[in-house]
Amino acid sequence: MALDTLDYSVMVALALAILAYLGKDKFWPGDDGTSAGFVANMSAGGHSRDLIETLNKNNKNCIIFYGSQTGTAEDYASKLSKELGSRFGLKPMTVDFADYDFDNFAEISEDVLCFFLMATYGEGEPTDNSIDFFNFLDNEADTLSSLRFSVFGLGNSTYEFYNAIGKKTNERLQELGAERFSAYGEGDDGLGTMDEDFLSWKDLVIDSLKNNLNFEEHEAVYQPSLKLIESVHSMDDAVVSHGEPNSAYVSNSVDLSKGPFDHSHPFLSKIVKTQELFNSKTRSCVHAEFDLSGTNLRYSTGDHLAIWPSNSNENIDRFLEAFGLFDKADVVFELRAEDSTVAIPFHTPITYGAVVRHHLEISGDVSRQFFLAIAQFAPDEETKKEVLRIGNSKEFFAKEIHEKCYNMADALLNLSNGKPWKNVPFEFIVESVPHLQARYYSISSSSLSEKTTIHVTAVVESEKIGDQLVTGVVTNLLKNIEIAQNNKSDKPTVTYNLKGPRNKFSNYKLPVHVRRSTFKLPSNPSTPIICIGPGTGIAPFRGFVREKISQIKTNNATIGKVMLFYGCRNEDEDYLYKDEWPSYAQVLGSQFEMNVAFSRKDPNKKEYVQHKLLENAEQINSLLNDGAFIYVCGDASKMARDVQSTLAKIIAKGRDISDERAAELIRSYKTQNKYQEDVW
Ligand code: FAD
């Protein structure tokens, strides 16, 4: 009896389900954030995990490694790869460290140019995807004498260990005998100069390629690494993605309630409760509770929740308008990779509309690099000239694009006088527009008291800058959910499709995963803690306090002193969880002390947490003598530094030592984990 198409589909689905079940440890990425791949020696992209084999098989002569947490290093790697290919005829491959093994790393020959784009995360830590590579460099690598390299570090100077990972990569490779062919460069997110720093480093690289390594330069012409084929499928076919988080969500082929969950595979969590925490007409902060019942997703107090976003309807419409894509929103296409080193970034077949809604970062500011690259597809010569005039000047770009807070669509439409950019190949958009990334939130619940829910506290980002309405993606999505769930009549600043692909997000669900953090309470509950968290920096401390209460109630634990410093504008507008603190104080008694600074209560006197710290200097010194741990959470750019220098002053005075010695002491507390920061 002949088998028809349906029979084959059923057999294939069954075979896949069995394969997925038998290899479930391998199919899903490891919970350390690495992609183990579909079969043991294959990566998620379908290529071998053997770096040299992949390099040779695909005839590549340049590797761009990236250690990326929020997607910037990955985006730069992809842009650098395109440029080296189109300007110098190099054959680059971009490499996510998580996709390869390093046993034969030393065999990379001197004919291969290697670039390392290395982000530093948190307190001088490597990104999740580069942890294994550092284990290799530190513990296994012997000599790398044939490696030729250049490193660019991505960091933030408001953190103590600024660009620690970029520096370490550069130094360690040199120690192992590798040869640097172009100067080390680093970018500073803290100063907001990352893009320009990257461009300056890239100019040095290009200079070195031309003048030291004698590469010939050609006029840059876009060479796609992906091929788009409009599909025979209609958007209603089950295999077509409507923007589901990954293929498993399209096919429902595995149990989606079971992890491991990470940056490539989220859990679809129901938001069981939302609440507006501010009492203000202009500002908003949302408390949201994510349900974990029925899943093996777990967290521990102090961890971060990653929330996977989608774009607002308004930004999607503007983007479709800018590229003349309105008519194509429901058209289905597939992508083919030029070779096995190129990863298809999302499940296909998919619709154009789903890509824009769920996979592209369309609302943030636009980069000068993107501008220079897209000029070749301008709708007319005049627009092209104008784009190049602005794109080639750091100053013009800052003044005419950056300071106006234009997003990509606004910038392009403004320069073309409203003419759509219809000549831009969609492959270019997929390859050049950064991909939408999850945003992290410090969890504001305790895993001991809230075993099956995760709470977050998110301040909504929305501001009018000049004529431009600037909105944050995730926080406005949460605000939309809060309004809808509580049946409010408020009009949101921007709107979202809350039902998600094929209504899979209906009843207020969002894809999430948990990122383990090192921001942890001392193991002994009787150790005193000093917590400093103005604004949403209070989030993890609500979790800490709830944990302490649970320790008392369930284990009858003896609790050390909890000294909490919080700051907000004024008591009636933005005092987060104002109603909860008295009940916590009742249980914790004299072991709990909350000091609140109001910055706008007295028009003549702005009061911040640092002032409250100084007022309590004596008690702080005494708690530190008793072995107290210090925790700081919230704004990294100014608050964390000011708090640290205030604490140094307090310690210097209390111990009668110099400020420098006190600052050194704080640094040693940091290495002992007695001074922990959760700042962003
Ligand atoms: P995004 O879309 O990421 O936008 C970022 C900013 O850029 C916004 O202010 C937005 O208004 C602005 N913007 C948008 N478009 C443009 C443009 N065209 N030009 C210029 N600017 C533009 N936040 C909390 O509220 N609570 C927490 O507990 C918390 N914990 C965190 C913990 C960690 C470890 C980290 C890394 C971050 C944490 N954050 C927290 C910050 C959070 O991750 C998000 O960055 C924040 O909520 C903004 O996300 P968004 O998607 O709404 O904004």
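Bear in mind the structure is a predicted one, so any value in this text is a computation, not a measurement. (Residues numbered from 1 in each chain as written. Predicted model: local features only at pLDDT ≥ 70, side-chain atom pairs only at ≥ 80, totals over all residues. Heavy atoms only, no water.)

Describing helix 14 (residues 408–415)
No. 1: Most of helix 14 sits inside the fold, with seven of its eight residues counted as buried.
No. 2: Buried residues in helix 14 make contact with helix 9 (313–322), helix 11 (368–374), helix 12 (381–391), helix 13 (394–402) and strand 17 (468–471).
No. 3: With a side-chain oxygen positioned 3.2 Å from the backbone nitrogen of Ala409, the residue opening helix 14 is Asn407.
No. 4: Looking one or two places after helix 14, you find Asn417, whose phi comes out positive at around 55 degrees. (Buried < 20%, exposed > 50% of the residue type's maximum accessible area, 1.4 Å probe, protein only. Helix = DSSP H or I, 4+ residues; strand = E, 2+ residues; numbered from the N terminus. Contact = heavy atoms within 4.5 Å. Polar contact = N/O pair within 3.5 Å; in protein donor to acceptor, adjacent residues only side chain to side chain.)

A short note on the sheet that holds strand 22 (residues 629–634)
No. 1: Read from one edge to the other, the open sheet built from five strands follows the order 21-20-19-22-23, with strand pairing classed as parallel. Strands at the two margins of the open sheet, each flanked by one partner only, are strand 21 (592–598) and strand 23 (675–679). Pairs of neighbouring strands in the sheet enclose a mean axial angle of 10 degrees, with direction left out of account.
No. 2: With five bridges joining them, strand 22 and strand 23 adopt parallel strand pairing. Across the sheet, residue Val632 finds its bridge partner in strand 23, namely Glu677. (Pairing = 2+ DSSP bridges. Axes fitted to C-alpha atoms, helices over the stretch in contact; angles between N-to-C directions.)

Brief notes about the UniProt feature "binding site: NADP(+)" (unreviewed entry) in the protein
No. 1: The UniProt entry lists Arg283, Thr536, Ser599, Arg600, Lys606, Glu607, Tyr608, Val609, Gln610 and Asp642 under the feature "binding site: NADP(+)" (unreviewed entry), expressed in the numbering used here. Of the residues just listed, which span 360 residues, the most distant C-alpha pair is 25.1 Å apart, and they do not cluster in one region.
No. 2: When you line up the elements, Val609 lands in helix 19 (residues 609–615).
No. 3: Residue classification places Val609 among the buried positions, given a relative accessible area of 3%.
No. 4: Every residue in contact with Val609, bar those within four places of it in the chain, is listed here: Ile532, Pro534, Phe565, Tyr566, Gly567, Ala597 and Val643.
No. 5: Take Asp642: it is sitting in helix 21 (residues 639–655).
No. 6: For Asp642, a relative accessible area of 23% gives the class partly exposed. (UniProt positions renumbered as here; feature names shortened; annotations may be inferred.)

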